[in-house]
Amino acid sequence: MTTIAIYGVGLIGGSLALCFKGKPGYRVIGHSPNPASVDKYVKRGVVDWATSSFEEAAAEADFIFVCVPVGMLDDYLERLYALPLKPGCIISDVGSTKLSIMEAARRLTRPGVTFIGGHPMAGKEKSGVEAATSRLFENAFYVLTPDERVDEEAIARLIKLLELTKAQVVRIDARLHDEIVGAISHLPHVIAVALVNQIAGYNDSNDLYQLLAAGGFRDITRIASSDPVIWRDILLNNREVMLRLLTDWDAEIKQFITLLENGDGEGIAAAFEAAGRFRSHMPERRKGLIHAMFDIYVDVPDEPGIIGKITTELGNHKINLSNIQIIENRLDVPGVLRLSFREEEDMAQAESVLRGLGCSVSV
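Residues numbered from 1 in each chain as written. Predicted model: local features only at pLDDT ≥ 70, side-chain atom pairs only at ≥ 80, totals over all residues. Heavy atoms only, no water.

Q: So, the sheet that holds strand E1 (residues 2–7): which residues are in play, and what are the values?
A: Strand order in this open sheet of eight strands is E3-E2-E1-E4-E5-E6-E7-E8, and the pairing throughout is mixed. Of all the strands in the sheet, just strand E3 (49–51) and strand E8 (168–171) have a single pairing partner and so form its edges. For this sheet the average axis-to-axis angle between neighbouring strands, irrespective of direction, equals 25 degrees. For E1 and strand E2 (residues 26–31), the ladder comprises six bridges, and the chain directions are parallel. Residue pairing in the sheet places Tyr7 in a bridge with His31 of E2. The strands touched by helix H6 (residues 152–162) within the sheet are E1, E2, strand E4 (63–66), strand E5 (89–93), strand E6 (113–120), strand E7 (141–145) and E8, with E4 carrying the most contacts at an inclination of about 70 degrees. (Pairing = 2+ DSSP bridges. Helix = DSSP H or I, 4+ residues; strand = E, 2+ residues; numbered from the N terminus. Axes fitted to C-alpha atoms, helices over the stretch in contact; angles between N-to-C directions. Contact = heavy atoms within 4.5 Å.)

Structural data, given as structure tokens:
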């Protein structure tokens, strides 16, 4: 029996647990310092057993996943290395920065225990064990950042276990990981927060800004609503990379200022064309750090019970609806309903079902 201990059974830790739990030959143990959370993990069927004892959770573990916020990783790692862990035990984390935890692990090296940095590049707009799902990592990249001293056999063992997540495992140097993830995830979060706060400042003197931002602006800045404490820790942990990236971003913005000051229409068009070419080559069907949503829009007549009828019909077909929004009425249509789905297949099935009901649907 292979025993897997998971410290921090939230969205990521809980989803890992669900990937492993119930598979022949595996036992999953959850840990939280909060007894109420321990009870919740077991009652929801996310783990086989759970405990609030730090030592007890690790005692028989062959694999340990530390799924706590980045700011807590060093402390958890130090506490784990102080325990009499099982010989051959492999410890990994799921933090979105890797260089600092890899350096901490080098300082804590001890015989019989291996640390391999990890980062599953998947997520959701919701957090907590309630949002956990065994499908979270399907078709996502799962990054491992082992250092040069790690035995290949240990890496192979971890990769074999992670096959149960149905993610694609990729090995990357920790420093390179932080630079890339800083650019494609951390920087966009900062930009979204700054942009929303800029508009919020304008809204103080004219609340039309907030009213008219309800459509596309709200969509493209969705990540600005991310957990403040988690992102505080991530950005401070990746501070040097972020300072370089923000300097580069400032240069990009200054270039646009120059183009506008000079009335350089060709230069503006060229910037959009270059961005479009690069973006067109990005993979469309793979999960990433910024969780994609799949939306359809349904024109709804002004009649009682129509929204309930639509949602009931989706429920009858076992279609998982993530969010629903009633958009302001248009002149030619009494109302528009935006339905959001986490999976593209759910969106496609919903479109088919609603067209079958005679609804006017656009994607």
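Q: Lay out the nonpolar core with the relevant residues and their values.
A: Counting 36 residues, the largest nonpolar core has Ile6, Leu16, Phe20, Val47, Phe65, Phe137 and Tyr142 as the members making the most contacts within it. Among the elements of the structure, E1, helix H1 (11–20), helix H2 (35–43), E4, E7 and H6 are those that each provide at least two residues to this core. Broken down by element, this core gets its largest block of residues, six residues, from H1. For Phe65, the contacting residues outside a window of four places in its chain are Ile4, Ala5, Ile6, Tyr7, Leu16, Phe20, Ser92, Tyr142, Leu158, Leu161 and Leu162. Of all hydrophobic cores here, the second largest spans 26 residues; its members include Leu73, Leu83, Leu99 and Val113. (Core = buried A, V, L, I, M, F, W, Y, C linked by side-chain atoms within 4.5 Å. Buried < 20%, exposed > 50% of the residue type's maximum accessible area, 1.4 Å probe, protein only.)

Q: Let's hear about a nonpolar patch on the surface: which residues, and what values?
A: A contiguous nonpolar patch, built from Leu246, Trp249, Ile253 and Ile257 and spanning about 310 Å² of accessible area, is present on the exposed surface. Structurally, Trp249 is set in helix H11 (residues 239–261). (Patch = residues over 30% accessible without salt bridge, like charges linked within 9 Å, V, L, I, M, F, W, Y side chains within 5 Å. Areas by Shrake-Rupley, 256 points an atom, 1.4 Å probe, with all protein chains shown as cover. Salt bridge = Lys/Arg side-chain N within 4 Å of Asp/Glu carboxyl O.)

Q: Could you give an account of helix H7 (residues 174–203), with specific residues and numbers?
A: With 30 residues, H7 should cover 44 Å at 1.5 Å per step; its first-to-last C-alpha distance of 41 Å lies within 8% of that length. By the burial criterion, the buried members of H7 are Ala174, His177, Asp178, Val181, Gly182, Ser185, His186, Leu187, His189, Ala192, Ile199 and Asn203. For H7, the side-chain oxygen to backbone nitrogen distance between the N-cap and Arg175 is 3.0 Å, and the N-cap itself is Asp173. (Expected span 1.5 Å × (residues − 1). Polar contact = N/O pair within 3.5 Å; in protein donor to acceptor, adjacent residues only side chain to side chain.)

Q: Could you give me a rundown of the pairing of E8, with the residues and numbers involved?
A: When E7 meets E8, the two strands line up parallel, connected through four bridges. Its bridge partner being in E8, Phe141 is matched across the sheet by Gln168. Remark: the E7/H6/E8 crossover connection has right-handed handedness. (Right-handed = clockwise from strand over helix to strand, strands pointing away.)

Q: Please provide a residue-by-residue account of the packing of H7 against helix H10 (residues 228–237), values included.
A: Two numbers describe how H7 lies on H10: the axes approach to 11 Å, and their chain directions differ by 120 degrees. The orientation of H7 with respect to H10, classified from their angle, is oblique. Note on packing geometry: the crossing formed by H7 with H10 is left-handed. On the side of H7, the interface is formed by Ser185, His186, His189 and Val190, while H10 contributes Trp231, Ile234 and Leu235. Residues belonging to the contact of H7 with H10 are distributed by class as follows: four nonpolar, three polar and no charged. (Parallel < 35°, antiparallel > 145°, perpendicular 65-115°, else oblique. Left-handed = near helix turned anticlockwise from the far one by under 90°. Nonpolar A, V, L, I, M, F, W, Y, C, P; charged D, E, K, R; others polar.)

Q: So what's going on with the pattern of salt bridges? Which residues, and what values?
A: The final tally for this structure, using the stated rule, is 13 salt bridges. Of the charged contacts in the structure, one is a salt bridge between Asp147 and Arg149, with a shortest N-O distance of 3.3 Å. Across the salt bridge formed by Asp250 and Lys254, the nearest N and O atoms sit 3.1 Å from each other. Taken together, the positions of Asp250 and Lys254, both in helix H11 and four residues apart, correspond to about one turn of that helix. Through salt bridges with shared partners, a single ionic network connects Arg106, Asp147 and Arg149.

Q: Could you give an account of the packing of helix H4 (residues 73–81) against helix H5 (residues 99–107), with specific residues and numbers?
A: Contact pair H4 / H5: the axes reach a minimum separation of 10 Å and the direction vectors enclose 25 degrees. As judged from the angle between their axes, H4 and H5 are roughly parallel. The two elements H4 and H5 meet at a crossing, and its hand is right-handed. Contacts between H4 and H5 involve Leu73, Asp74 and Leu77 from the former and Ser100, Ile101, Ala104 and Ala105 from the latter. A class-by-class count of the residues in the contact of H4 with H5 yields five nonpolar, one polar and one charged.

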